[in-house]
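# Structural overview
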Amino acid sequence: MAVQISPSILSADFARLADEAAAVTPAADWLHVDVMDNHFVPNLTLGLPVVQSLLKHTSLPIDCHLMIEDPDQWAPGYAEAGARNVTIHAEAAKAPVRTLREIRHAGARAGLAVNPGTPVEPYEDLMGEIDMLLLMTVEPGFGGQHFLDLVMPKLQRARAMVNRHGGSVWLQVDGGVNDETIERCAAAGANVFVAGSAVYSADDPARAVQALRAQAEQATAHADWAK
Ligand code: DX5
Ligand code: ZN
């Protein structure tokens, strides 16, 4: 599968979300929307009404990352609203199989996220229930944090796990992904890259997306896992 870039609007100007989405539309594959509830993570961002509004103002598919305490209750609503991907956290879901199935039933891709300290192996049996596995490469909650290299061995194990199950599950990394870290993520097995501050702090966000994509594509071309 080709490299995909999902700019995170967490680092954008929240008063100008439609314009900020438009700024990356020519270059990006997705628009990553971080929903935070001040319970699962210490930060508070936006919820379903803002996602519904954004859907009317962008042609990019929306990649919803729910950092909320009760995804079983709320996740299907984001899929029903038209988000193309809805990712829930393994640490928060009480009935992940049911919730992932409800997301798919509503027509979206279903994602499962794990924090830096959460292993992926306990979720191997869910590989058939998900379209994407998200490995957090920072503790979730804030943009602009330093990339955690300690996640790299887990990323390699996750790639091996995904490939054992046919390789159709996308492997996303989120947190601290920038021009210094994206190549080692691609080399280790990621194929979907979230970038917030690396895109929105750039003078030209679309150009930043293009540059990140070029780096990831080059690293993927040399990666053993992709051969
Ligand atoms: C953090 C969010 C990320 C965030 C990444 O909890 O899930 O999507 O926007 O921001 P950067 O790319 O700046 O680390
Ligand atoms: Zn995110």
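Below is a short write-up of the structure. Model, not experiment: these values are computed from the prediction.

Counting 66 residues, the largest nonpolar core has Leu-133 and Phe-193 as the members making the most contacts within it. Setting aside residues no more than four positions away along its own chain, Phe-193 makes contact with Val-3, Gln-4, Ile-5, Ser-6, Val-173, Val-177, Ile-182, Cys-185, Ala-186 and Ala-216. Counting residues in each nonpolar core, the second largest holds five residues, with Met-36, Phe-40, Val-41 and Met-67 among its members.

Let us look at unusual backbone geometry. One non-glycine residue with positive phi stands out, namely Asn-38, at about 65°. Note on placement: Asn-38 falls in the loop between strand S2 (31–36) and helix H2 (48–57).

All right, on to the environment of Ser-8 then. One can find Ser-8 in the loop between strand S1 (4–7) and helix H1 (17–24). Ser-8 sits in the buried class, given a relative accessible area of 4%. Residues Ser-8 and Arg-98, spaced 90 residues apart in sequence, show a C-alpha to C-alpha distance of 27 Å. Not counting the four nearest positions on each side in its chain, Ser-8 is found in contact with His-32, Asp-34, Val-194, Ala-195, Gly-196 and Tyr-200. A distance of 2.7 Å separates the side chain of Ser-8 from the side chain of Asp-34, its partner in a polar contact.

Another point: the site of ligand 1. Residues in contact with ligand 1 amount to 20 residues; listed here are only the nearest, Ser-8, Gly-141, Asp-174, Gly-196 and Ser-197. Side-chain polar atom of Asp-34 to an oxygen atom of ligand 1: 2.8 Å apart, as the coordinates give it. Relative to its free-state accessible area of 380 Å², ligand 1 is covered by the protein chains to the extent of 100%. Every element with two or more residues in the shell around ligand 1 is listed here: S2, strand S3 (62–67) and strand S8 (192–195). Here the shell around ligand 1 takes three residues from S2, the largest share from any one element.

Another point: the pairing of strand S5 (residues 109–114). Buried residues dominate S5, accounting for six of its six residues. Burial along S5 is two-sided: the face carrying Arg-109, Gly-111 and Ala-113 and the face carrying Ala-110, Leu-112 and Val-114 are both buried. Note: strand S4 (residues 85–89) against S5, five bridges, orientation parallel. Across the sheet, the residue bridging to His-89 is Ala-113, located in S5. Chirality of the crossover, the property in question, places the unit of S4, helix H4 (residues 96–105) and S5 among those that are right-handed. Relative to strand S6 (residues 132–136), S5 runs parallel, the two sharing four bridges. In the strand pairing of S6, Leu-112 is matched with Leu-133.

Rules used throughout
- Residues numbered from 1 in each chain as written.
- Chains lettered and ligands numbered in written order.
- Predicted model: local features only at pLDDT ≥ 70, side-chain atom pairs only at ≥ 80, totals over all residues.
- Heavy atoms only, no water.
- Core = buried A, V, L, I, M, F, W, Y, C linked by side-chain atoms within 4.5 Å.
- Buried < 20%, exposed > 50% of the residue type's maximum accessible area, 1.4 Å probe, protein only.
- Contact = heavy atoms within 4.5 Å.
- Helix = DSSP H or I, 4+ residues; strand = E, 2+ residues; numbered from the N terminus.
- Polar contact = N/O pair within 3.5 Å; in protein donor to acceptor, adjacent residues only side chain to side chain.
- Near = heavy atom within 4 Å.
- Areas by Shrake-Rupley, 256 points an atom, 1.4 Å probe, with all protein chains shown as cover.
- Pairing = 2+ DSSP bridges.
- Right-handed = clockwise from strand over helix to strand, strands pointing away.

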